[in-house]
Amino acid sequence: MSATFALKDNVSTVSCRSFRWVGPVLDGTRWLSVAMRCSAGALIAVALCVSGVVHAGQPQKFLTFDSHMTSSEVKGRANEYVFVWGATGPSLGAAFLQESPGVVLGAYFPYSRDPDAKRGLDYWKSAHPAWVAYTCDGATPATMYGDTNIALDVTNTDVVAWQVGNFLKRPAGTNAVALDNFQFHNDGHICGSKDASGRFVQRYRPVSYDMVYAQDQVQWLERIAAQLHANRVKVVVNHIPDLSPDGDDPASPIVKRMVQSVDGILDERAQLALRDPHKSLLLAKLVAYAGSSGKWMYLLYQLDDLDRSSIETAVANYLTMAGPATAIYVSRKDDAYGYQPDFKGFDRSIGDPCGPAVAVRGAIVRRYSGGMAMFALPESSSVSVPVSGIYTDIDGAPVAGSIRLVAGKGRVLYTHEGDATGCAAS
């Protein structure tokens, strides 16, 4: 599958699977002047690779947790969501499935840690001493992300079997396993484990990114996913792509293995695409590759403020790359999860994409049957985006002529209610 995008008067084509240029070289214009030195249309082009047939009603939405929702809220709004990362139990799960039979309901688990934080090192030294992952001193148990949960040695087949047993005993009503903090970098500073004699055996170097460690993690994921899929259980990982030194480029074999193993990937730092051109490119490429592989991408924007402008910008950025298997969630940075997000009206349906996204003076513009989305690229200058056609803002106020955007900001415009002729203005 290929995608064609327009840049000024030039048209080029890219391959969705390889992100390799197969058209003429562009005119040298640069809109991502960062280390990756991406050519002028790359981000737009990879966004297009998943733009084929978007479900009517973009933006699609998901929930992080349902822990603060009531049964009446679920019954009233469950059909708005395609996925719940952490579904809490059978009561709400049944309500979700009744209202939205195709919804994916995840059971939350930390992927490589003991899910029970109350069990400390003494418990594991008594029960399964060879399962504990240690730092390089051979005595300190590894932990991650400031939690006290003991990290386990995921290369140990007994650990994998125990984990699969736990995953299959997930809460009733859930149909997926949501694996938190699956990363290729070694946040827990894990170095090794102890053998049957109690001798510490070092496996990894004391660095944040060790290829042996990364390979072990993806091999663990492949084993887990194969067994869960055999039991008709979906697998979704929380994976932040920009934490790895190589950026988790989809061209990397290890990233391909991860994507092919799972049913979906949640990125809980999608907001970085609003201010980091490297992240903008990276996220669009990963969304495109996942979509071309039939995998879901769930983009979580943690915003500094939940004002209308910030939410509109997040939705606009999302719409430039949204595909049939893409969904969005917004929250205030570091807020507790589990609430229904307030999109300030910007979850209004914008319909289907009309075709290619277009680079316009440092912004990305993409038309939909029910409106248009535009996003000014991070670190670009202030840009003026022409608006041709009859559009309104979210409040119904007419918008015509042009819109000025500063770097990292976006707008979403709509055709009049019930008017699906936005593509006629293309």
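Conventions adopted
Residues numbered from 1 in each chain as written. Predicted model: local features only at pLDDT ≥ 70, side-chain atom pairs only at ≥ 80, totals over all residues. Heavy atoms only, no water. Helix = DSSP H or I, 4+ residues; strand = E, 2+ residues; numbered from the N terminus. Buried < 20%, exposed > 50% of the residue type's maximum accessible area, 1.4 Å probe, protein only. Areas by Shrake-Rupley, 256 points an atom, 1.4 Å probe, with all protein chains shown as cover. 1 Å grid on protein atoms, 1.4 Å probe; cavity = no way out; pocket = protein on both sides within 12 Å on 5 of 7 lines; lining within 4 Å. Points joined across faces, edges and corners; volume = space filled by probe spheres on them. Disulfide = S-S within 2.5 Å. Salt bridge = Lys/Arg side-chain N within 4 Å of Asp/Glu carboxyl O. Axes fitted to C-alpha atoms, helices over the stretch in contact; angles between N-to-C directions. Parallel < 35°, antiparallel > 145°, perpendicular 65-115°, else oblique. Left-handed = near helix turned anticlockwise from the far one by under 90°. Contact = heavy atoms within 4.5 Å. Pairing = 2+ DSSP bridges. Arc of directions from axis to C-beta. Expected span 1.5 Å × (residues − 1). Polar contact = N/O pair within 3.5 Å; in protein donor to acceptor, adjacent residues only side chain to side chain. Phe/Tyr/Trp six-rings, centres within 6.5 Å; stacked < 30°, edge-to-face > 60°.

*Asks:* Teacher, can you tell me more about the overall build of the protein here?
*Replies:* Per the secondary structure count, the protein includes nine helices and 18 strands. Sorting the 426 residues of the protein into buried and exposed places 55% on the buried side. A total of about 17,100 Å² of accessible surface is found on the protein, and carbon and sulfur atoms cover 51% of it.

*Asks:* Any chance you could explain the layout of surface pockets here in plain terms?
*Replies:* Regions of empty space are outlined by a rolling probe, equal in size to a water molecule, passed over the atoms. If you add up the space inside the largest pocket, you get close to 480 Å³. Asn181, Asn238, Ile240, Glu268 and Tyr337 are the residues nearest the centre of the largest pocket, which is lined by 26 residues in total. Elements supplying a minimum of two residues to the lining of the largest pocket: β3 (61-65) and β11 (296-303).

*Asks:* I'm lost on the state of the cysteines in this one. Help?
*Replies:* The term disulfide refers to a covalent linkage connecting the sulfur atoms of a pair of cysteines. Applying the stated rule across the entire model yields two disulfides. Disulfide pairing is shown between Cys136 and Cys191; the S-S distance is 1.5 Å. Placement of the pair is Cys136 in the loop between α4 (121-127) and α5 (157-168) and Cys191 in the loop between β6 (176-180) and β7 (192-194), with a sequence separation of 55 residues. Disulfide pairing is shown between Cys354 and Cys423; the S-S distance is 2.1 Å. Linking Cys354 and Cys423, the disulfide has an S-S dihedral of approximately -90 degrees and is accordingly described as left-handed. One end of the pair, Cys354, is in the loop between β12 (326-332) and β13 (358-360); the other, Cys423, is in the segment after β18 (410-414), and 69 residues separate them in sequence. Overall, the relative accessible area of 32% leaves Cys423 in the partly exposed class.

*Asks:* In this structure, what is going on with the pattern of salt bridges? I would like to understand it.
*Replies:* Think of it this way: side chains of opposite charge can pair up when their charged atoms draw near. What the rule picks out here adds up to 15 salt bridges. In this structure, Lys285 and Asp249 form a salt bridge, with 2.6 Å as the shortest nitrogen-oxygen distance. Of this pair, Lys285 sits in helix α8 (residues 277-292) while Asp249 is found in the loop between β9 (234-238) and α7 (253-261), placing the two residues 36 residues apart along the sequence. By the burial criterion, Lys285 is buried, and Asp249 matches it. One salt bridge connects Lys344 with Asp342, and the closest N-O pair in it is separated by 3.5 Å. Judged by its relative accessible area of 48%, Asp342 falls in the partly exposed class. Within this structure, Lys61, Arg77, Glu80 and Asp347 form a network of salt bridges that share partners.

*Asks:* Whenever I open this one, the packing of α5 against helix α6 (residues 211-230) confuses me. Can you help?
*Replies:* Working note: a packed helix pair is described by the angle between its axes plus the distance between those axes. The geometry of α5 relative to α6 is characterised by a closest axis approach of 10 Å and an angle of 40 degrees between their N-to-C directions. Between α5 and α6, the crossing angle belongs to the class labelled oblique. Regarding α5 and α6, the two cross each other, and that crossing is right-handed. Contacts between α5 and α6 involve Val160, Gln163, Val164, Phe167 and Leu168 from the former and Trp220, Ile224, Gln227 and Leu228 from the latter.

*Asks:* What is the right way to look at the pairing of strand β16 (residues 383-392) in this model?
*Replies:* For a regular strand, side-chain orientation follows a simple rule: the groups alternate between the two sheet faces. Taken together, the seven bridges between β16 and strand β17 (residues 398-405) define a ladder with antiparallel strand orientation. From the neighbouring strand, Ser384 faces β17, where its bridge partner is Arg404. Counting the residues in the hairpin turn of β16 and β17 gives five residues, including Gly396, whose phi is positive at 90 degrees.

*Asks:* What is the right way to look at the pairing of strand β15 (residues 371-376) in this model?
*Replies:* With six of six residues buried, β15 is to be regarded as a mostly interior element. By the alternation rule, side chains of β15 split into Gly371, Ala373 and Phe375 and Met372, Met374 and Ala376, which are all buried. Judged from the six bridges that link them, strand β14 (residues 363-368) and β15 form a sheet pairing that is antiparallel. From the neighbouring strand, Val365 faces β15, where its bridge partner is Met374. Between the antiparallel neighbours β14 and β15 lie two residues.

*Asks:* What is the right way to read the packing of α7 against α8 from this model?
*Replies:* Two numbers describe how α7 lies on α8: the axes approach to 10 Å, and their chain directions differ by 50 degrees. One way to sum up the angle between α7 and α8 is to call them oblique. Crossing of α7 over α8 shows right-handed handedness. Residues Val255, Lys256, Val259 and Gln260 of α7 form the contact with α8, whose own contacting residues are Leu286, Tyr289 and Ala290.

*Asks:* What am I meant to see in α7 here?
*Replies:* Within an α-helix, residues lying three or four positions from one another point in the same direction, as the helix has 3.6 residues per turn. Among all positions of α7, only Ile254, Val255, Met258, Val259 and Ser261 are buried. Along the axis of α7, the buried residues cluster in a sector spanning 165 degrees; they form a single face. At its buried positions, α7 is contacted by α6, β10 (264-267) and α8.

*Asks:* What is the right way to read α8 from this model?
*Replies:* Look at α8: 23 Å from first C-alpha to last across 16 residues, which is about the 22 Å you get at 1.5 Å a residue. With 14 of 16 residues buried, α8 is to be regarded as a mostly interior element. Structurally, the start of α8 carries an N-cap: the backbone nitrogen of His278 is 2.9 Å from a side-chain oxygen of Asp276. Of the residues flanking the end of α8, it is Gly294, one or two places downstream, whose phi is positive at about 75 degrees.

*Asks:* Mind showing me how you'd approach the packing of aromatic side chains here?
*Replies:* Geometry of an aromatic ring pair is reported as the spacing of the ring centres plus the angle between the planes. Inspection of the entire model under this criterion finds 20 aromatic pairs. Note on Phe62 and Tyr329: the rings are 5.8 Å apart at their centroids and 45 degrees apart in plane angle, and the pair reads as tilted. Linking Phe62 in strand β3 with Tyr329 in strand β12, this pair joins segments that are 267 residues apart in sequence. The same class applies to Phe62 and to Tyr329, which are both buried. On the basis of an interplanar angle of 80 degrees and a centroid distance of 5.7 Å, the ring pair of Phe182 and Phe184 is categorised as edge-to-face. Under the relative-accessibility criterion, Phe182 is labelled buried at 0%.

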